[in-house]
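Structural characterization, general
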Number of protein chains: 6
Amino acid sequence: MTDTLDPDLRQRLLGVSVATLCTALFKRGLRQQFIQALRPLNPGLAGNMVGPAYTLRTIPAREDLNPISVFNDRAHPQRRAVEECPPGAVLVIDSRKDARAASAGAILVTRLMVRGVAGVVTDGGFRDSPEIARLPFHSYHQRPSAPTNLTLHQPVDIGLAVACGDVAVWPGDILVGDAEGVVVIPAAMADEIAAEAVEMTAFEDFVSEQVLGGRSILGLYPPTDEQSRQDYAAWRARTGR
Amino acid sequence: MTDTLDPDLRQRLLGVSVATLCTALFKRGLRQQFIQALRPLNPGLAGNMVGPAYTLRTIPAREDLNPISVFNDRAHPQRRAVEECPPGAVLVIDSRKDARAASAGAILVTRLMVRGVAGVVTDGGFRDSPEIARLPFHSYHQRPSAPTNLTLHQPVDIGLAVACGDVAVWPGDILVGDAEGVVVIPAAMADEIAAEAVEMTAFEDFVSEQVLGGRSILGLYPPTDEQSRQDYAAWRARTGR
Amino acid sequence: MTDTLDPDLRQRLLGVSVATLCTALFKRGLRQQFIQALRPLNPGLAGNMVGPAYTLRTIPAREDLNPISVFNDRAHPQRRAVEECPPGAVLVIDSRKDARAASAGAILVTRLMVRGVAGVVTDGGFRDSPEIARLPFHSYHQRPSAPTNLTLHQPVDIGLAVACGDVAVWPGDILVGDAEGVVVIPAAMADEIAAEAVEMTAFEDFVSEQVLGGRSILGLYPPTDEQSRQDYAAWRARTGR
Amino acid sequence: MTDTLDPDLRQRLLGVSVATLCTALFKRGLRQQFIQALRPLNPGLAGNMVGPAYTLRTIPAREDLNPISVFNDRAHPQRRAVEECPPGAVLVIDSRKDARAASAGAILVTRLMVRGVAGVVTDGGFRDSPEIARLPFHSYHQRPSAPTNLTLHQPVDIGLAVACGDVAVWPGDILVGDAEGVVVIPAAMADEIAAEAVEMTAFEDFVSEQVLGGRSILGLYPPTDEQSRQDYAAWRARTGR
Amino acid sequence: MTDTLDPDLRQRLLGVSVATLCTALFKRGLRQQFIQALRPLNPGLAGNMVGPAYTLRTIPAREDLNPISVFNDRAHPQRRAVEECPPGAVLVIDSRKDARAASAGAILVTRLMVRGVAGVVTDGGFRDSPEIARLPFHSYHQRPSAPTNLTLHQPVDIGLAVACGDVAVWPGDILVGDAEGVVVIPAAMADEIAAEAVEMTAFEDFVSEQVLGGRSILGLYPPTDEQSRQDYAAWRARTGR
Amino acid sequence: MTDTLDPDLRQRLLGVSVATLCTALFKRGLRQQFIQALRPLNPGLAGNMVGPAYTLRTIPAREDLNPISVFNDRAHPQRRAVEECPPGAVLVIDSRKDARAASAGAILVTRLMVRGVAGVVTDGGFRDSPEIARLPFHSYHQRPSAPTNLTLHQPVDIGLAVACGDVAVWPGDILVGDAEGVVVIPAAMADEIAAEAVEMTAFEDFVSEQVLGGRSILGLYPPTDEQSRQDYAAWRARTGR
């Protein structure tokens, strides 16, 4: 998997919204890249979460295979994922959309943060969620869930393509998260999507300014009349965007 | 549809809670007027959302009918709804309870606000929800949803009776929203419901005061004993309500 | 039912997290004690909710049995529960996971608070939720729900074993709630669980400190290497825990 | 509870459909008496299931209280319910709409049949469902479910008002089941509802005959034109109904 | 709307499966044309249901607008739809996926059959389902539902684009139903889709024969090796397809 | 994975029910081995499905990776699974409980049958389900689903531990299916579970006979009184079981 991200790409993805990225993906025929029903634990964090996916897969926990002692094994996939997820990457946990037990807790999330990981995403829930919400670290889940992961989730492997919130996540795909949620950008499209999203963002900033100033959206959004296009060109010249 | 609202009616509805209105409707046999599972994007806004319903209906988006270019059409129902919803009205979007793609985004919601619309309600989700949450404007949805509406929702008509969160919404029905949610009051009943709710609110304010002061609810709420009724009469005299 | 709680037990349960308690229960084979999908209305309250369960059971409301006048009856189980729930106990309402109508509203919750009850929990929703959220009182529900309980819920009895959010709640079981949610501890196990949770909390505080300082979780969490155990012993000696 | 049923009432309820009974209840303001999402295991059985409700309530099974040995206790509520449900009554099991584990199996259902019970209804699922489907006995559930009830359901009491498939069931209410499903008729209304349903059935049989013969429903169903009313009178005279 | 169907088109659609039609639509980018979660009431009927859509839309039933007397109005949209749906067309009822109350019952369905309508589809449920299942008529629903439609569904208009089981249905779209379910073919594509489906069916019949005879699917399905293509050409020559 | 099964083990598992196997697993602490919400397509088939699991895993289908042409690749995991699943094994498809598009269709299922595979199980749906239902082959799914798997499911790998209907399935685990559903027996426990299930089946056959003959379940089921144990011993002697 790609564990490093071109700094320029990262920079561009830090400044665009997940909604804009979804539209750029939609234009290329990708309609199912937004991870459904997630919430950020700490929506007030400045800046987007941006990083390539590092995946951890779980299956339902069979009772005899999941006593509390399994964590004595240093090779347990959850613990390995936490220690081996590359700095700058996003740990994506496929929890089969089941938030009845936790995907991980505050100690593991803290370790990810300290190791320089970019964020953590599960389509289940985190335990110790109040503590996680206080960390300066990007984390996304469905809802808080106090029971230990042993109750329902058995981590089985690392680095495979997985499902997360009804989205396919291939290792190395670029995840971007803001206060709205998380989108998955296929690795091979990331440059093109980022470039388009930067352009769209400039235009939408112009439009927002105009609309706040009282202008109608008709002809402006999208810019079907000539005046709108001229005004936008002038705005870009003026603002240097 | 009714696009103006009697100022006195509006005033009374600004000062009562959605919960109280639901009880007044219940007494008249209407049990299903609370739009289920919505959240305000900006729960801290002062005052209720109050206004007659202006409706936009959607159906599932068929892929060939929903390329990004459809918005070039000024007659597209979503764009028309945003430009034509009367000031003071509430735009109600029937999104079939499907929040997997957006019902609208921040630019359209800003335009509604600038045009003087009273609020916007969908039983789906909004994109650009963090931006919408910062607008001084009443908006309600199920959850944030970044994908463009073209992904799943095709707006088809304006001004028809629709479903929203399991409630029937007829154009001109009065919507009232507070930090708890949104209730739909049939237009013909609005005066009567508002009058009763104002009375109930005075009584419940009295009761709250008494209960905070240590009084039992038995005999007081409802006021089945004579003492409660006398105390309430005295309270009304004293407070001028 | 047990309406008093040993002060020492209460003290210990005030200082541990619901997540830690779930793990202690898991070690004893109890996997389903976390009430699913609840949220605190006032997550910022200091300290845990702790108290024995006092239960109220509901069934679906049949229309002819639930006119608004039923509350004239002082023996109505909901009203009785509010007046009779012992100070220090937690009122647990089995609402059959149905939040389409309210389980109770602000006046009743205020009365519970004034009476010294420790908290209120429903697997449905509360009405007047913005008011309840402002009370210095522990309350948990699924989501706000403005319609009166008469719409869908008929309280039928008090003091029986009930279901709440897929958990069995026996009268006298100890409920503990924090910002993450609520766990149900069988009465007979409460001492043992509390003792273990206090120990686990000390250890997890030590681990958190170490992990924030840059230490790997391998060998430390769980403490499989000798160094970790020695460091923890030293930390306990130093911190007096 | 009422464990006997007037033979004439039973006779009338044997010959009308659940759909017709629902309409008669609707006319009296009762809208939620059809148990949702049930299927008969043996839809080919001749005649309706008719009998007063005898109720068994369950809560979630706590693991330590539900080892396989609990059935050694003759007083276990599930076993008692099977031995004590009166002949002619219907055993109604409140399984909290959870079909992930069984409510009962073929041996218990066979015992109910042999004892002369009128039928068994759960809003969960039965195990040994292929065997149950071969018995000449009315049984209704949501779907087959092989795991023993100990897995998820703890029976706690008998003879209380319960919820079943979103319907309130009071002991002694009359349950009627046909190939479509099961309706709950409040005991005090049963005579009146049965009488009306018999009338409605005669009329609908007349209408069906007419419609099959090519007549329009307009004016006929409901019989708003004079000709329809005359034809029906003639049909009643002719058929003796 | 198109109320007649080219006989040749109908003929071709009678002989292909819904699954094959879905694949032909998928190849043209249409992924959401299969109505989700429906069942035929009478799966043993010979031949497909084929016909253009005639649509009836419902919203939630407000109690005061839906007394039993509304059917006295000959212009009630449900009754009008039943009398006016063209012979050969399919009546499609948008019931908002809500099967808790009926969309229609046996008398209305019988009238549709007698009038020569091709079939009836709802994403809710039918009442009198055992009677409907005995009619030689194509009908599809989610599950049986005895309560009268007045309980939850208010029909509001006829002939508009609607949603049915998460599919957009435009009046005149061609519906095809077999024992598996129902697919919606956009009117303008019907010829092309039918032609391709006939071709695909011939090929799949050939493949089935080969596979039953022991041949591997590799190289055969799809026919990537030359031998498969030659064998198929020979089979077509031999069978005249 | 284990692709052969001891003939004696298979024989014993052919003669016991899934319900009985679930109870034997429950006694060993395994509570989640019954695949939830599946139905056999052909419930009338004689004998159980028995065989070791051979697993195929899917993730959501990304549109650009799933054109119809992917099946030209002989190494496509779905096609490989169909050609390589060992005779006597059960192909288990992890479809993430999503039945909105197919997991496979009749041609592939026919190929599995011809190759001597024991059965096929998905927690999604099959297309061509009417054809599959006519094959003398064990197949289980959630519900019929006509859209091609390319719509929503991308098969990604073979032979890994997967989730199926909320059950962990490890390659080589023994699957047993009857008309009620499918249970997953951990490979290492299969002998012990089969032995116990054979014993339990004998006893339950005895009990059924007694109960049909009018005997009470008290003391008999479980056999807590001495008479029951003696009668059973006599029955075993007499019947040779």
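All values reported here derive from a predicted model rather than from experimental measurement.

The subject of this paragraph is unusual backbone geometry. The omega torsion of the bond from Tyr221 of chain A to Pro222 of chain A falls at 0°, within 30 degrees of zero and hence cis. Residue placement: Pro222 of chain A occurs in the loop between α6 (190–212) and α7 (226–239). Positive phi values are uncommon outside glycine, yet Lys97 of chain C reaches one of about 60°. Along the chain, the position of Lys97 of chain C falls in the loop between β3 (90–94) and β4 (102–104).

Looking now at the interface of chain B and chain A. A common measure of how large an interface is: the accessible area buried when the components associate. Taken together, the contact pairs 25 residues of chain B with 28 residues of chain A. Residue assignment for the side of chain B that touches chain A shows that the elements contributing at least two residues are α3 (77–84), α4 (106–114) and α5 (129–134) of chain B. When residues in the side of chain B that touches chain A are grouped by element, the largest group, five residues, is from α4 of chain B.

What follows covers the relation of the copies chain C and chain B. Of the transformation superimposing chain C on chain B, the axial component is 0.0 Å and the angular component is 120°, with the fit at an RMSD of 0.0 Å. Viewed as a symmetry operation, the transformation between the two copies matches a three-fold axis. By C-alpha distance to the rotation axis, the residue of chain C lying nearest is Arg143 of chain C, at 7.4 Å.

Turning to the domain arrangement of chain A, a few remarks are in order. Residue and element names in this part refer to chain A. The domain boundaries assigned to chain A delineate domain 1 (7–187) and domain 2 (193–239). Here the C-alpha centre of domain 2 lies 34 Å away from the C-alpha centre of domain 1. Contact with domain 1, which involves eleven residues of that partner, is made by eight residues of domain 2. If you list the elements that add at least two residues to the side of domain 1 that touches domain 2, you get α1 (7–14) and α2 (18–27).

Let us look at the confidence of the model for chain A. Across chain A, pLDDT averages 97, with 99% of residues at or above 70. Across the predicted assembly, pTM comes out at 0.98 and ipTM at 0.96.

Another aspect to go through is the arrangement of the chains. Considering only C-alpha positions, the minimal separation of the non-contacting chain C and chain E is 13 Å. With no contact between them, chain C and chain F keep their nearest C-alpha atoms 9 Å apart.

What follows covers the pairing of strand β7 (residues 138–141) of chain A. Residues and elements named next belong to chain A. Because side chains alternate across β7, one face comprises the buried residues His138 and Tyr140, and the other comprises Ser139 and His141, equally buried. Pairing of strand β5 (residues 119–122) with β7 involves three bridges; the strand directions are parallel. Looking at the pairing, Gly119 lines up with His138 of β7.

Let us look at the interface of chain C and chain B. Of the residues lining the interface, 25 residues belong to chain C; the matching set on chain B comes to 28 residues. At the level of elements, α3 (77–84), α4 (106–114) and α5 (129–134) of chain C are the ones that each hand at least two residues to the side of chain C that touches chain B. Among the residues forming the side of chain C that touches chain B, the class breakdown is eleven nonpolar, six polar and eight charged.

Now for the packing of helix α4 (residues 106–114) of chain A against helix α6 (residues 190–212) of chain C. In helix packing, the relevant descriptors are the interaxial angle and the interaxial distance, both defined with respect to the helix axes. At a minimum axis separation of 9 Å, α4 of chain A and α6 of chain C run at an interaxial angle of 10°. One finds that α4 of chain A runs roughly parallel with respect to α6 of chain C. Seen from α4 of chain A, the contacting residues are Ile107, Thr110, Arg111 and Val114 of chain A; seen from α6 of chain C, they are Glu204, Val207, Ser208, Val211 and Leu212 of chain C. In terms of residue class, the contact of α4 of chain A with α6 of chain C is made up of five nonpolar, two polar and two charged.

Another aspect to go through is helix α2 (residues 18–27) of chain B. Residues and elements named next belong to chain B. Counting buried positions along α2 gives nine out of ten residues, so the element sits mostly inside the fold. All of the buried residues along α2 are Val18, Ala19, Thr20, Leu21, Cys22, Thr23, Ala24, Leu25 and Phe26. Here the buried face of α2 lies against β11 (174–177), β12 (182–185) and α6 (190–212). Just past α2, the residue Gly29 takes up positive phi, approximately 90°.

Here the focus is the environment of Pro60 of chain C. Here Pro60 of chain C shows up in strand β2 (residues 49–60). Sequence separation between Pro60 of chain C and His153 of chain C is 93 residues; the distance between their C-alpha atoms is 4.9 Å. When residues no more than four places from it in sequence are discounted, the contact partners of Pro60 of chain C are Leu152 and Gln154 of chain C together with Gln32, Ala163, Asp166, Val167 and Ala168 of chain D.

Next up on the list: the pairing of strand β5 (residues 119–122) of chain B. Residues and elements named next belong to chain B. Neither face of β5 is open: one carries Gly119 and Val121, the other Val120 and Thr122, and all of them are buried. Alignment of strand β3 (residues 90–94) against β5, held across four bridges, turns out to be parallel. When the bridges of β5 are listed, Ile93 appears paired with Thr122.

So, on to the packing of helix α2 (residues 18–27) of chain C against α6 of chain C. Residues and elements named next belong to chain C. It is the contact of α2 with α6, at a shortest axis distance of 9 Å, that shows an interaxial angle of 120°. Here α6 runs oblique to α2, going by the angle between their axes. The two elements α2 and α6 meet at a crossing, and its hand is right-handed. When α2 is examined against α6, the residues Thr20, Leu21, Thr23, Ala24 and Leu25 are found in contact with a partner set consisting of Ile193, Glu196, Ala197, Met200, Thr201 and Glu204. When the residues that make up the contact of α2 with α6 are grouped by side-chain class, the tally is six nonpolar, three polar and two charged.

It is worth spelling out α6 of chain B at this point. An ideal rise of 1.5 Å per residue puts 33 Å on 23 residues; α6 of chain B measures up with 32 Å between its terminal C-alpha atoms. On its buried side, α6 of chain B packs onto α1 (7–14), α2, β11, β12 and α7 (226–239) of chain B together with α4 of chain C. Trailing α6 of chain B by a residue or two, Gly214 of chain B shows a phi angle of about 110°, which is positive.

So, how was this worked out
Residues numbered from 1 in each chain as written. Chains lettered and ligands numbered in written order. Predicted model: local features only at pLDDT ≥ 70, side-chain atom pairs only at ≥ 80, totals over all residues. Helix = DSSP H or I, 4+ residues; strand = E, 2+ residues; numbered from the N terminus. Contact = placed C-beta atoms within 7 Å. Least-squares fit on C-alpha atoms with pLDDT ≥ 70 in both. Domains from an automatic or database assignment. pLDDT = per-residue confidence, 0-100. Buried ≥ 20, exposed ≤ 12 C-beta atoms within 10 Å, placed from the backbone. Pairing = 2+ DSSP bridges. Nonpolar A, V, L, I, M, F, W, Y, C, P; charged D, E, K, R; others polar. Axes fitted to C-alpha atoms, helices over the stretch in contact; angles between N-to-C directions. Parallel < 35°, antiparallel > 145°, perpendicular 65-115°, else oblique. Left-handed = near helix turned anticlockwise from the far one by under 90°. Expected span 1.5 Å × (residues − 1).

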